[in-house]
Number of protein chains: 2
Amino acid sequence: MATKAKTRAGTRNPSRPRDRAATRARILRATGELLAAQGFAALGVNAIARRARVDKVLIYRYFGGMEALLAAYAEEGEFWWSVDDLLGVDLPPPERDGAAAWLALALRRHVGWLRTHPLTMEILSWEMVEPNRVTERLAEVRERRSMALIGRLLGRFPAPAELDVAALSALLGAASNYLAIRARATRLFNGLDLGRRGDWDRLFDMVERIGAALLDPT
Amino acid sequence: MATKAKTRAGTRNPSRPRDRAATRARILRATGELLAAQGFAALGVNAIARRARVDKVLIYRYFGGMEALLAAYAEEGEFWWSVDDLLGVDLPPPERDGAAAWLALALRRHVGWLRTHPLTMEILSWEMVEPNRVTERLAEVRERRSMALIGRLLGRFPAPAELDVAALSALLGAASNYLAIRARATRLFNGLDLGRRGDWDRLFDMVERIGAALLDPT
DNA sequence: TTGCATTGTCACCGATCGGTGACATAGAAT
DNA sequence: ATTCTATGTCACCGATCGGTGACAATGCAA
């Protein structure tokens, strides 16, 4: 209608050189940025294309659609800690030694890692609402890494044979995830103020106490 | 354009009698139904009006908008258990007596209550993503009821003075919520299968064990 | 009976959504 | 130089979104 669309199509802008690989990468990067900045509710072809400054049709051409884009995104990213991020030899050990102290320290670092990786927290909360290729993939990696972490701790501090280690770590891991995710938006939970350092300390002290009661030799 | 809109407006349908209060109630009921059925992502004026078979403009007229509708909805609903739902005198007591057994039983019933109240679980997950009037209101109620629950248990089984009861219950409550919400969509967590009764039992056994170690007289 | 506020219906607005078909251009192969 | 394909641009589709203005019917007050 109006005075527009003279050149009609093609590379109308002086624009960047054509480069499929680079464009693909732009799209993937924009996906992560958008997810971190706006959350999964805002994720969609239009929003991603806009952010990547790319035409949305290329998302369909290069990935095949939203679902497939998420799958590709899941493949190329690193969304979870490695065991060394939590227990690495260059990290300071706990003040007291022993299984309980190491357990509490690992959980502390787990929560700290989450708080510095909002993208991962976003995916974790996504997983609770509508699982998808990205969250599935993250869940797999997480399962493996968690097992490795537990294995490492058990190697150093053998647990009582009758102790259900999986149940214990599931309990503590679930609590950590919940509180970390929830703390982004709401500070109070069960009388604790998750915005305060000290209240987190109380939680980790409790973890250590539980560990001491169940793990350390009497 | 077409052959429609002869009568133009008003009560075109034979329709129901005009009744502001009833219409308000329809809207509120539809809000809850939609939330339970589709989740908070699907919640909006259009969807609610459609479900309530009511014109959406009435939502603006009677409530003032989405935000205010949520506030009103939060006021008229009951979204959390009462202490008696978990510890009522007509419910069977645990097989063994003692603080740990009661603690585990309470958490068991807490999770059971959640699983039979999908609307509450929906709100709980909502709260982790985008807090609003409904989730705030639920959080208040929950805080009060949790305190009452803990108070009742402590009244029966006084805890060691130096035990941080708030931290302990926060840990266990957080874990319960996380696992209950998550289990709707994903069964596996940390090697446990939340679709299986037995694996939940392992978790509650662990709770009882923790309780025994920290609460029961040595 | 007349007037009037309440209740409800409808059409429409601009924005955004996921998705597609048509076309222009660049760059390599021939 | 010519052809061809991969790459990117654009316009448009129907559906849905939140939101509003205009109007018809109801029923009560005067």
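It should be noted that the structure appears before, not after, this text.
Residues numbered from 1 in each chain as written. Chains lettered and ligands numbered in written order. Predicted model: local features only at pLDDT ≥ 70, side-chain atom pairs only at ≥ 80, totals over all residues. Heavy atoms only, no water.

A. Focus on helix 4 (residues 66-76) of chain B. Turning to helix 4 of chain B, its buried residues number three or more, namely L69, L70, A71, A72, Y73 and A74 of chain B. Close packing links the buried residues of helix 4 of chain B with helix 1 (20-38), helix 2 (45-52), helix 3 (57-62), helix 7 (118-129) and helix 8 (133-156) of chain B. (Buried < 20%, exposed > 50% of the residue type's maximum accessible area, 1.4 Å probe, protein only. Helix = DSSP H or I, 4+ residues; strand = E, 2+ residues; numbered from the N terminus. Contact = heavy atoms within 4.5 Å.)

B. Just the pattern of salt bridges, in detail. Residues and elements named next belong to chain A. This structure, assessed with the given rule, holds 30 salt bridges over all chains. A salt bridge links R51 to E33, with the shortest nitrogen-to-oxygen separation between them at 3.0 Å. Placement of R51 in helix 2 (residues 45-52) and of E33 in helix 1 (residues 20-38) is noted, with a sequence separation of 18 residues between them. Residue classification places R51 among the partly exposed positions, given a relative accessible area of 38%. R142 is the partner of E127 in a salt bridge, and the nearest nitrogen-oxygen pair spans 2.7 Å. Placement of the pair is E127 in helix 7 (residues 118-129) and R142 in helix 8 (residues 133-156), with a sequence separation of 15 residues. (Salt bridge = Lys/Arg side-chain N within 4 Å of Asp/Glu carboxyl O.)

C. Structural view of the packing of aromatic side chains. Per the counting criterion, the structure on display carries twelve aromatic pairs over all chains. Here W80 of chain B and W81 of chain B contribute two aromatic rings whose centre-to-centre distance is 5.5 Å and whose plane-to-plane angle is 40°, an arrangement assigned as tilted. Of the two residues, W80 of chain B and W81 of chain B, both sit in the buried class. For the ring pair W80 of chain B and W113 of chain B, a centre distance of 6.2 Å and an interplane angle of 55° mean the geometry is tilted. Linking W80 of chain B in the loop between helix 4 and helix 5 (83-87) with W113 of chain B in helix 6 (residues 99-115), this pair joins segments that are 33 residues apart in sequence. Taking the relative accessible area as the measure of exposure, W80 of chain B reaches 3% and is therefore buried. The ring of W80 of chain A carries the charged tip of R142 of chain A above its face, separated from the ring centre by 5.4 Å. (Phe/Tyr/Trp six-rings, centres within 6.5 Å; stacked < 30°, edge-to-face > 60°. Lys NZ or Arg CZ within 6 Å of the ring centre and 35° of its normal.)

D. Structural view of the side chain of N177 of chain A. Note that N177 of chain A resides in helix 9 (residues 165-183). For N177 of chain A, a relative accessible area of 2% puts it in the buried group. Polar side-chain contacts of N177 of chain A include one of 3.2 Å to the side chain of Y178 of chain B. The residues touching N177 of chain A, leaving out its near neighbours within four places in the chain, are H110, L114 and L124 of chain A together with Y178 and F189 of chain B. (Polar contact = N/O pair within 3.5 Å; in protein donor to acceptor, adjacent residues only side chain to side chain.)

E. Focus on helix 1 of chain A. All names here are of chain A. With 19 residues, helix 1 should reach 27 Å at 1.5 Å per residue; the first-to-last C-alpha distance of 26 Å fits that figure. Every buried residue of helix 1 is accounted for by T23, I27, L28, A30, T31, G32, L34 and L35. Check the buried side of helix 1 and you find it contacts helix 2, helix 3 (57-62), helix 4 (66-76) and helix 7. Where helix 1 starts, the residue carrying a side-chain oxygen 3.1 Å from the main-chain nitrogen of A21 turns out to be D19. Two residues or fewer past helix 1, G39 is found with a positive phi of approximately 90°. (Expected span 1.5 Å × (residues − 1).)

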